[in-house]
Amino acid sequence: MIGDSTLHFIEYELQAIALAWMAMIYLIKIWQLATLKMPWDTAEQKGSTSRGILQSYGAIFMPWSMESSRTHFWRWLEFGTYHVGALVAIVNTFTYPFAPDFMAWPVRLVFAVLIAPSVLVGFLKLFQRITKPELRMISTPDDYFSLAAMQAFLFLAVMALLTNAPVWRMWYFLVTAFFLFYVPFSKISHYIYFFFARFIVGTRYGVKGVIPQGKA
Amino acid sequence: MATNNVQIASQELSKRLNRMLGVSATNLCTHCGWCIEACHVYQSTKDPAKSPVAKAERVRKVLKRENDWLSKAFPWWTGAKDLTEADLDDWLHAAFRDCTLCERCVVNCPMGVETPAILATARGALTAVGKTPEILDDLADIAVSREESLDSYRDFFKKHVKNFEKQVQEKLKNPNARIPVEEEADILYVPLSGVHTIVPPAIIFNAAGASWTLSMFEASNYAFFMGDTARMKQIAERILKEAERLKVKEIAVTECGHAYGVLRWEAPKWFGDKYKFRVRSVLEIYDEYLSKGLIKLDASKTSESVTYHDPCNVGRKGGVFEEPRRVLKASAADFREMLPGKAENYCCGGGSGLVACEEWRDERLTYGKVKADQIRATGAKKVVTACDNCLHQIMELGEHYDLDITVSNVSQQVVESMVVE
């Protein structure tokens, strides 16, 4: 039996501490990156920097824009499904404790339906990482652990949403707190680097007029 | 115990760490594998160790060990490792032989991982310890030495160019057509060493009535392939100084992919606003002449079907896509697109200096299989490209894969279809 005060601590105080930790680590990492020199293009522009950046950020939402998603539509769909699920599960860690009135059954059901497919995709990703030689070759313990931990996080999110039972909520928020402590150090932090990388790529190709460019 | 080479290479890596590399060499790559099939080397060999991510990972492991907190504390967890002498030998193949820095993996990465930047950094570290293909080093030396012995070379060069002038005059039926060398003009044209990069452009400049002069130097910059910062700047700057001395308004770079990249995009980063000339590829200038009616082309003069190979440094890394197409469509009635093309074009397999490395000829021809398949699929009998490295590689691919093609640069194609009045 989970006491109300225990659950409250896990859902509020522990999350706040973990979030503060994550924010602090990210700020330090961003500061470290910002102190590195950046060889921006200073030549006369041939294209548009802003359009390049826009295209760079938008590329992942436009499966037709990259050959790697255009010719592997199902892989793109898996990618999208997985990340939509992860996003909803993260949003849920805020709405559950801070907007309890909003988290009525229909909303919880919608959230669970959005997250559940990502659990299945997660298993598929894990299976592919183990069975495909080209992925196995580049995989590290952090890759396997991050995938497995995400599976636990997503599965517990679904169970907490469907049952609203204190025990599932407790485990869901304990795993969430663990994630907030661990993620800034692991490969899962790619979502932070993504914004920097796409900006750099967009700027670089935008200046030169490489993107947005038509395909031949 | 780290060897001297390892220490020097490690220092070089630290020195070269910038924000782009800092982002790409830590946790940005999720090892999703989307880049794998984008690579012509992987496509041609199906060797997982030659995929972009696998090649980058060799270097990223070391960069992470130095720069990533988790990798510093628990390297086995993230696959990080300390640099060893064996790694340097491995990098030589991964960075110089198995990657042509074409950036096709970058445009196919959902995250924006700059794998070529990682491998170019490895090239720089390898060069710092003398582990670099000898021919690239020699070619960079030759370029540097030409500047050092310029006075004794000048007369020899001008005499040879004078002989080429006759070909220009005959083609244009104009005894006044010239190849001016080191004269004050609006355009400084920077060729390669071959006559094929001097005579056809000279014919076009004369036909267009341009105010131009020929550079004493070659555009190519093999130090750039090596990531040899000091020499690549030196090789580039001698041209910029010449342009300043001749008071030109613009530098026109010959059909050489990396030379265009160096002078158009890299040099301003190196020298700031010290030099203020406009830099364009001759392709852009031909396109302008065509659109202004300064040159006239007759598409019916080209009987065979023509396709265009986008050199990576001119296209994906340079942004010049439409200009050569407009010129070629005006010069050939049967122009066929090579698919995929433009920003998604495949490298010819000989880029970033690989075509010069005779010891890796077999691998280079194998890596060119995707390009050979692309050419064959067009059904075109003539392949036109705008880079000398690509030109040589495609000529060899033609023989190796029995493609039954002729290969030309854009300048030659323009001259062949030019209407001389």
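Since we're looking at a predicted model, the values are computed, not measured.

About the cut-offs
- Every chain is numbered on its own, with residues counted from 1 as its sequence reads.
- All chains are assigned letters beginning with A, and all ligands numbers beginning with 1, in the order in which they are written.
- In keeping with the model being predicted, local features are shown solely for residues with a pLDDT of at least 70 and side-chain atom pairs are shown and tallied solely at 80 or more, while totals for entire chains, interfaces and linings include all residues.
- Processing note: side-chain calculations cover all non-hydrogen atoms of the structure and skip hydrogens and water entirely.
- Helix and strand assignments follow DSSP, with helices taken as H or I runs no shorter than four residues and strands as E runs no shorter than two, numbered in order from the N terminus.
- Radius of gyration here uses only the C-alpha atoms, and the compact-globule reference equals 2.2 Å multiplied by the residue count raised to the power 0.38.
- Burial classes follow relative accessibility: with a 1.4 Å probe on protein chains only, a residue under 20% of its type's maximum area counts as buried, one over 50% as exposed, and anything between as partly exposed.
- Should any heavy atoms of two residues lie within 4.5 Å, those residues are considered in contact.
- With residues, only the protein chains shown are counted as cover, and all accessible areas are computed by Shrake-Rupley using a 1.4 Å probe.
- Charged residues are defined here as Lys and Arg on the positive side and Asp and Glu on the negative side; His and the ends of the chain fall outside this count.
- Just so you know, the charge point we use is NZ for Lys, CZ for Arg, CG for Asp and CD for Glu.
- The criterion for strand pairing is that DSSP finds at least two bridges linking the strands in question.
- The angle between two axes is taken between their N-to-C directions and runs from 0 to 180 degrees, where each axis is a line fitted to C-alpha atoms and a helix contributes only its stretch in contact.
- Here a polar contact is recorded for every N or O atom pair within 3.5 Å, except that within protein the pair must consist of a potential hydrogen donor and a potential acceptor, and residues adjacent in sequence are included only if both atoms are side-chain atoms.
- For classification, angles of less than 35 degrees are called roughly parallel, those exceeding 145 degrees roughly antiparallel, those between 65 and 115 degrees roughly perpendicular, and all remaining angles oblique.
- Each helix crossing is assigned a hand: it is left-handed if the near helix lies turned anticlockwise from the far helix by less than a right angle, otherwise right-handed if that turn is clockwise.
- All amino acids are sorted into three groups, where Ala, Val, Leu, Ile, Met, Phe, Trp, Tyr, Cys and Pro are nonpolar, Asp, Glu, Lys and Arg are charged, and the leftover types, Gly among them, are polar.
- Note on definitions: buried area is the accessible-area loss of two parts on being combined, 1.4 Å probe, summed for both.
- Within this document, salt bridges are pairs made up of a side-chain nitrogen of Lys or Arg and a carboxyl oxygen of Asp or Glu, the two lying within 4 Å of each other.
- What counts as a domain boundary in this text is fixed by an automatic or database domain assignment.

Draft legend 1. Quick peek at the overall build of chain B. Within chain B, the regular secondary structure consists of 21 helices and eight strands. For 421 residues, the compact-globule formula gives about 22 Å, and the C-alpha radius of gyration of chain B, at 22 Å, lands near that figure. Dimensions of chain B, computed from C-alpha atoms along their principal axes, come out at roughly 75 × 50 × 35 Å. Expressed as a percentage of the 421 residues in chain B, the buried residues total 65%. In chain B, once contacts between residues fewer than 6 apart in sequence are set aside, the share between residues at least 24 apart is 79%. Element-wise, carbon and sulfur atoms account for 50% of the exposed surface of chain B, whose accessible area totals about 15000 Å². If the 56 positive side-chain charges of chain B are averaged to one point and the 60 negative ones to another, these points end up 3 Å apart.

Draft legend 2. Region of the structure containing the sheet that holds strand S6 (residues 335-336) of chain B. Residue and element names in this part refer to chain B. Strand order in the open sheet formed by four strands is S6-S5-S7-S8, and the pairing between neighbours is parallel. The sheet is open, and its two edges are formed by S6 and strand S8 (406-409), each paired on a single side. Lying over the sheet, helix H20 (residues 388-400) contacts strand S5 (306-309), strand S7 (382-385) and S8, oriented at roughly 175° with respect to S8. Together, S5, S7 and S8 form the strand contacts of helix H21 (residues 410-417), whose direction differs from that of S8 by roughly 95°.

Draft legend 3. Expanded view of the environment of Ser139 of chain A. Residue and element names in this part refer to chain A. One can find Ser139 in the loop between helix H6 (133-136) and helix H7 (141-163). On the accessibility criterion, Ser139 (14% relative accessible area) is buried. Along the backbone, Ser139 and Gln32 are 107 residues apart, and their C-alpha atoms lie at a distance of 26 Å. Not counting residues within four places of it along the chain, the set of residues in contact with Ser139 comprises Arg129 and Tyr144. A polar contact is formed between the side chain of Ser139 and the backbone oxygen of Leu135, at a distance of 2.6 Å.

Draft legend 4. Spotlight on the packing of helix H4 (residues 52-67) of chain B against helix H9 (residues 115-128) of chain B. All names here are of chain B. It is at 9 Å that the axes of H4 and H9 come closest, and there the two elements cross at 55°. On the basis of their axis angle, the class for H4 and H9 is oblique. Judged by the sense of rotation from one axis to the other, the crossing of H4 with H9 is left-handed. Contacts between H4 and H9 involve Pro52, Lys55, Ala56, Val59, Arg60 and Leu63 from the first element and Thr115, Ile118, Leu119 and Ala122 from the second. Across the contact of H4 with H9, the residue classes break down as seven nonpolar, one polar and two charged.

Draft legend 5. Seen up close, the interface of chain A and chain B. Tallying the contact residues gives 61 residues for chain A and 65 residues for chain B. When chain A packs against chain B, the two sides together hide about 5500 Å² of surface, and 61% of this comes from carbon and sulfur. For the pair chain A and chain B, the number of links is nine salt bridges. Between Arg104 of chain B and Glu67 of chain A there is a salt bridge whose closest N-O contact spans 2.6 Å. Summed over the shared surface of chain A and chain B, the result is 29 residue pairs in polar contact (both at pLDDT 80 or more). Secondary structure elements with two or more residues in the side of chain A that touches chain B: helix H1 (4-35), helix H3 (67-70), helix H4 (73-98), H6, H7 and helix H9 (190-208) of chain A.

Draft legend 6. Geometry of the side chain of Asn313 of chain B. Along the polypeptide, Asn313 of chain B turns up in the loop between S5 and helix H17 (322-331). Take Asn313 of chain B: its relative accessible area is 14%, and that puts it in the buried class.

Draft legend 7. Spatial organisation of the domain arrangement of chain B. All names here are of chain B. Taken domain by domain, chain B consists of domain 1 (4-131), domain 2 (136-289) and domain 3 (296-417). Between the C-alpha centres of domain 2 and domain 3 the distance comes to 22 Å. Tallying the contact residues gives 22 residues for domain 2 and 25 residues for domain 3. Both sides of the domain 2 and domain 3 interface together cover about 2000 Å² of buried area, and 64% of this is carbon and sulfur. Broken down residue by residue, the surface that domain 2 buries against domain 3 is led by Glu255, Leu283 and Asp287, which jointly contribute 29%. Counting every contact that joins domain 2 to domain 3 gives one salt bridge. One salt bridge in this structure joins Asp287 and Arg326, with 2.7 Å as the shortest N-O distance. At the junction of domain 2 with domain 3, the criterion picks out eight residue pairs in polar contact (both at pLDDT 80 or more). Listing elements by their share of the side of domain 2 that touches domain 3, those giving two or more residues are helix H10 (134-148), helix H12 (199-207), helix H13 (222-226), helix H15 (257-271) and helix H16 (282-291). Among the residues making up the side of domain 2 that touches domain 3, the classes are represented as 14 nonpolar, four polar and four charged.

Draft legend 8. Spatial organisation of unusual backbone geometry. Of the consecutive residues Ile211 of chain A and Pro212 of chain A, the connecting peptide bond is found in the cis state with omega at -5°. Each neighbour pair has its own omega, and for Leu339 of chain B with Pro340 of chain B the value is -10°, a cis peptide bond. Within the fold, Pro340 of chain B resides in the loop between S6 and helix H18 (361-367). Located in the positive-phi region is Lys46 of chain B, a residue other than glycine, with phi close to 55°. Tracing the backbone shows Lys46 of chain B in the loop between helix H3 (40-45) and H4. Here Lys46 of chain B falls in the partly exposed class, since its relative accessible area comes to 49%.

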